[in-house]
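Observations on the model geometry
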Amino acid sequence: MTSLIARQVAIDERLLQTDLDVTAGELVALVGPNGGGKTSLLRALARIEDAGGKVMIDGEEVDASPPARRRRLLSFLPASRDMTWPISVRDVIALGLDRPDARRIGYLIEQFELERLAGRPVNRLSTGERARVLMARALAARPIALLLDEPMSNLDPYWVLRFLEQFRMAADEGQIVLVALHDLSLLGRFDRALLIADGKIQMSEAPANLMASERFAEIFRIRAEPAGGWAIRR
Ligand SMILES: Nc1ncnc2c1ncn2[C@@H]1O[C@H](COP(=O)(O)OP(=O)(O)OP(=O)(O)O)[C@@H](O)[C@H]1O
């Protein structure tokens, strides 16, 4: 079974030594308070930062893979939507590929409804539009593992649902999908949720169990309201 296996990854003062197993087909959410370590964990898994330990994807050690292979193993979507270069939408998506593939780019432009914007420089898009372009780029090479940092933070409700649909499709097609997010109302759409705080994975549970737990409320400093939603826990 295709999986991502991380052993003893750590970043000084930000991420304690962490082991993690994620199986293809599983949609996994990563939640936690601000500064808890979500981005640090994703960056450690993507080997963007020197995090020690090792990360294996589908049995291959990421550190030992040449750049072109690494692009097939994983893609990391950063939380920032900043893009200052005047590169066209089509060309930004192409950056996710090793070699030109007009069909693949056309498919992604269609999936993310970017036809009208395809020739426009990305620095002249709205934030949500840029989020769609960056997601298309992250998917372009059909990487085995998708490591996505707050991909839905700037999206309208339609696009939140469309992104969730894309993630489910990716998982169903055998990709590994790990998504950091803050919107707890979306957690129920995931198969498993990891709660990270103080640089440590504190819990790994089915979302409903996680949200019903005392530890979850304590770490987030919120409590569930009887009528739905959340209140500050004092
Ligand atoms: N470049 C950096 N250098 C040093 N410390 C950092 C750096 N980036 C983040 N940190 C610290 O590492 C810890 C974890 O940060 P991280 O960005 O991983 O959290 P997060 O869970 O993604 O937070 P948020 O929800 O605010 O995006 C925080 O205490 C933060 O202050």
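Residues numbered from 1 in each chain as written. Predicted model: local features only at pLDDT ≥ 70, side-chain atom pairs only at ≥ 80, totals over all residues. Heavy atoms only, no water.

In the nomenclature of an unreviewed UniProt entry, the protein chain is known as ABC transporter ATP-binding protein of Sphingomonas cremea. Turning to the protein chain, the UniProt annotation filed under Function (unreviewed entry) states: "Part of the ABC transporter complex HmuTUV involved in hemin import. Responsible for energy coupling to the transport system." (UniProt positions renumbered as here; feature names shortened; annotations may be inferred.)

What follows concerns the UniProt feature "domain: ABC transporter" (unreviewed entry) in the protein chain. Within this numbering scheme, the UniProt entry marks residues 4–223 as carrying the feature "domain: ABC transporter" (unreviewed entry). The distance from the first to the last C-alpha atom of residues 4–223 is 33 Å, and the span holds 34% helix and 25% strand. (Helix = DSSP H or I, 4+ residues; strand = E, 2+ residues; numbered from the N terminus.)

Attention shifts here to the sheet that holds strand β7 (residues 145–149). Reading across the sheet, the 6 strands line up as β6-β7-β8-β3-β9-β10 and stay open at both edges, with mixed pairing between neighbours. The sheet terminates laterally at β6 (74–77) and β10 (200–205), the two strands that pair on one side only. In this sheet, neighbouring strand axes are inclined to one another by 15 degrees on average, regardless of whether the strands run parallel or antiparallel. Looking at chain direction, strand β9 (residues 192–197) and β10 are connected through 5 bridges and run antiparallel. (Pairing = 2+ DSSP bridges. Axes fitted to C-alpha atoms, helices over the stretch in contact; angles between N-to-C directions.)

Once that is clear, we can look at the site of the ligand. Around the ligand, the structure places R14, P33, N34, G35, G36, G37, K38, T39, S40, E150 and H182. For the ligand, an oxygen atom lies 2.8 Å from a polar atom in the backbone of G35. For the ligand, whose accessible area on its own is 640 Å², the fraction buried by protein is 54%. Looking at the shell around the ligand, its residues break down into 1 nonpolar, 7 polar and 3 charged. (Near = heavy atom within 4 Å. Polar contact = N/O pair within 3.5 Å; in protein donor to acceptor, adjacent residues only side chain to side chain. Areas by Shrake-Rupley, 256 points an atom, 1.4 Å probe, with all protein chains shown as cover. Nonpolar A, V, L, I, M, F, W, Y, C, P; charged D, E, K, R; others polar.)

Glancing now at the environment of R215. One can find R215 in helix α8 (residues 214–220). Apart from the residues lying within four places of it in its own chain, the contact partners of R215 are Q202 and M203. (Contact = heavy atoms within 4.5 Å.)

Before going further, it helps to spend a moment on the pairing of strand β1 (residues 3–11). Inspection of the sheet shows β1 paired to strand β2 (residues 15–23) by 6 bridges, in the antiparallel sense. Directly across from A6, in β2, lies its bridge partner L20. Taking the residues that link successive antiparallel strands as the turn, the β1-β2 hairpin has 3 residues, and the phi of E13 there is positive, at about 65 degrees.

This part takes up the pattern of salt bridges. In total, this model carries 12 salt bridges according to the counting rule given. The partner of R71 in a salt bridge is D98, with the nearest N and O atoms 2.8 Å apart. With R71 in helix α2 (residues 67–73) and D98 in the loop between α3 (89–94) and α4 (102–111), this pair connects stretches of sequence that are 27 residues apart. Look at R71 and you get partly exposed, because its relative accessible area is 33%. Under the relative-accessibility criterion, D98 is labelled partly exposed at 40%. Residue R162 is joined to E113 by a salt bridge in which the shortest nitrogen-to-oxygen separation is 3.0 Å. Of this pair, R162 sits in helix α6 (residues 157–172) while E113 sits in the loop between α4 and α5 (127–140), and the two are 49 residues apart along the sequence. A relative accessible area of 36% places E113 in the partly exposed class. (Salt bridge = Lys/Arg side-chain N within 4 Å of Asp/Glu carboxyl O. Buried < 20%, exposed > 50% of the residue type's maximum accessible area, 1.4 Å probe, protein only.)

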